[in-house]
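# Tertiary structure, described
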Amino acid sequence: MVYRRRCLVLVPVALFAAGCATAAPTPIFASASPAPSAESAQMLGAAAPSGAPFVAADGRDLRACADGECEVLVRTGDQIPNDGGAGPLAVAIQAGKVGLAPASGGMGAAVSGPPGMAHQINRQVIVVVAVQGDEGIVRLSRK
C-alpha cells in the first residue's frame, strides 16, 4: 500500500517536470526528411515542372503572404510576414533546400526541405515548390 501511494505521487511529479523542461531550438535544416510522405504529397498541389521558368505567382512581394496565402520567390535572410497559422517566417537556403523558422526566434517549429516537400504547422500548409541556386519558391496556404 505504501508503494502505491508513492507511485501516485511520483508519477505526476515526473510528468509535470518533463512538461516544464525547455528544449533547445531546432536548427532549420535538422527537421528535413529526404522524401515527402504520402500525406504531404497530397498537400503539394502542382509543383513547378523541371525546365519551367523560375517564377513565383507573387514574385518577390513577400507582403503577399501576410494573409497566409501566397507563392513567393525567397532568398536567405528574407522574413515572410504570415498570419496563416505558422507565424512570421525567417528564410535560409542551403544545399538545394529551403529552411523556414519562426522569425521571432521563438520555440516554434522549424521546417526545411527540397522541392516537393510539404509541411503543415497548425492550419498552415507550407510547400517548397522549387530551389535554384540561392533562391527558392515557397507556397503558403491555409488548410
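Everything quoted here is computed from the prediction, not taken from an experiment.

Bringing the overall build of the chain into the picture now. When helices and strands are tallied, the chain shows two helices and eight strands. Its helices and strands in sequence order give the chain the pattern α-α-β-β-β-β-β-β-β-β, from N to C terminus.

Locating lysine 97 in the fold gives a position in strand 4 (residues 97-102). A residue is classified by how much of its surface remains accessible, and lysine 97, at 28% relative accessible area, is partly exposed. Here the alpha-carbon distance between lysine 97 and methionine 117, two residues 20 residues apart in the chain, equals 9.3 Å.

Moving on, we come to the sheet that holds strand 5 (residues 111-113). In space, the four strands of this open sheet follow the order 2-3-4-5, with antiparallel pairing throughout. At either margin of the open sheet sits one strand with a lone partner, and together these are strand 2 (79-80) and strand 5. One ladder, built from two bridges, connects strand 2 with strand 3 (residues 89-94); its direction is antiparallel. Looking at strand 3, one finds that isoleucine 80 is bridged to leucine 89.

Counting buried positions along strand 1 (residues 70-75) yields five of six residues, so the element is predominantly enclosed. Note: strand 1 against strand 8 (residues 135-142), six bridges, orientation antiparallel. Looking at the pairing, valine 74 lines up with glycine 136 of strand 8.

It is worth spelling out the sheet that holds strand 1 at this point. Spatially, the four strands line up as an open sheet ordered 1-8-7-6, and their pairing is antiparallel. Looking along the sheet, the strands with just one partner apiece sit at the ends: strand 1 and strand 6 (118-121). Taken pair by pair, the neighbouring strands of this sheet meet at an average axis angle of 25 degrees, ignoring direction. By the bridge criterion, four bridges tie strand 6 to strand 7 (residues 124-132) in an arrangement that is antiparallel. Directly across from alanine 118, in strand 7, lies its bridge partner valine 127.

The phi torsion at alanine 95 lies on the positive side, around 50 degrees, for a residue other than glycine. Note on placement: alanine 95 falls in the loop between strand 3 and strand 4. By relative accessible area, alanine 95 is classed as exposed at 72%. With phi around 55 degrees, asparagine 122 is a residue other than glycine that occupies positive phi space. Mapped onto the elements of the fold, asparagine 122 is located in the loop between strand 6 and strand 7. Among the residues examined, asparagine 122 registers a relative accessible area of 56% and is labelled exposed.

With that settled, the discussion passes to the nonpolar core. If you look at the biggest cluster of nonpolar residues, it comprises 19 residues, and the most contacted ones within it are Val74, Ile80, Val98, Leu100, Ile126 and Leu140. Among the secondary structure elements, those contributing two or more residues to this core are strand 1, strand 3, strand 4, strand 7 and strand 8. By size, the runner-up hydrophobic cluster in this structure holds eight residues, among which are Ala56, Ala118, Val125 and Val127.

What follows is about the state of the cysteines. Following the criterion strictly, the structure yields one disulfide and no others. Across the disulfide, cysteine 65 is cross-linked to cysteine 70 (sulfur-sulfur distance 1.9 Å). Here the S-S torsion is close to 90 degrees, and the disulfide linking cysteine 65 with cysteine 70 is therefore right-handed. With respect to class, cysteine 65 is no different from cysteine 70; both count as buried.

About the cut-offs
- Each chain carries its own residue numbering, running from 1 in the direction its sequence is written.
- Local features are withheld for residues below a pLDDT of 70 in this predicted model, meaning they are given only at 70 or higher, and side-chain atom pairs are given and counted only at 80 or more; totals for whole chains, interfaces and linings count all residues.
- In computing side-chain values, all of the structure's heavy atoms are included and hydrogens and water are not.
- Numbering of helices and strands starts at the N terminus; helices are DSSP runs of H or I of at least 4 residues and strands are runs of E of at least 2.
- For every residue, the accessible area (1.4 Å probe, protein chains only) is compared with the maximum for its type, and the residue is labelled buried under 20%, exposed over 50%, or partly exposed between those bounds.
- Strand pairing follows a simple DSSP-based rule, namely that at least 2 bridges must link the two strands.
- Only C-alpha atoms enter the line fits that serve as axes; for helices the fit covers just the stretch in contact. Angles between N-to-C directions range over 0 to 180 degrees.
- The set of buried Ala, Val, Leu, Ile, Met, Phe, Trp, Tyr and Cys residues whose side-chain atoms join them within 4.5 Å is what this entry labels a nonpolar core.
- When two cysteine sulfur atoms lie within 2.5 Å, the pair is treated as a disulfide.

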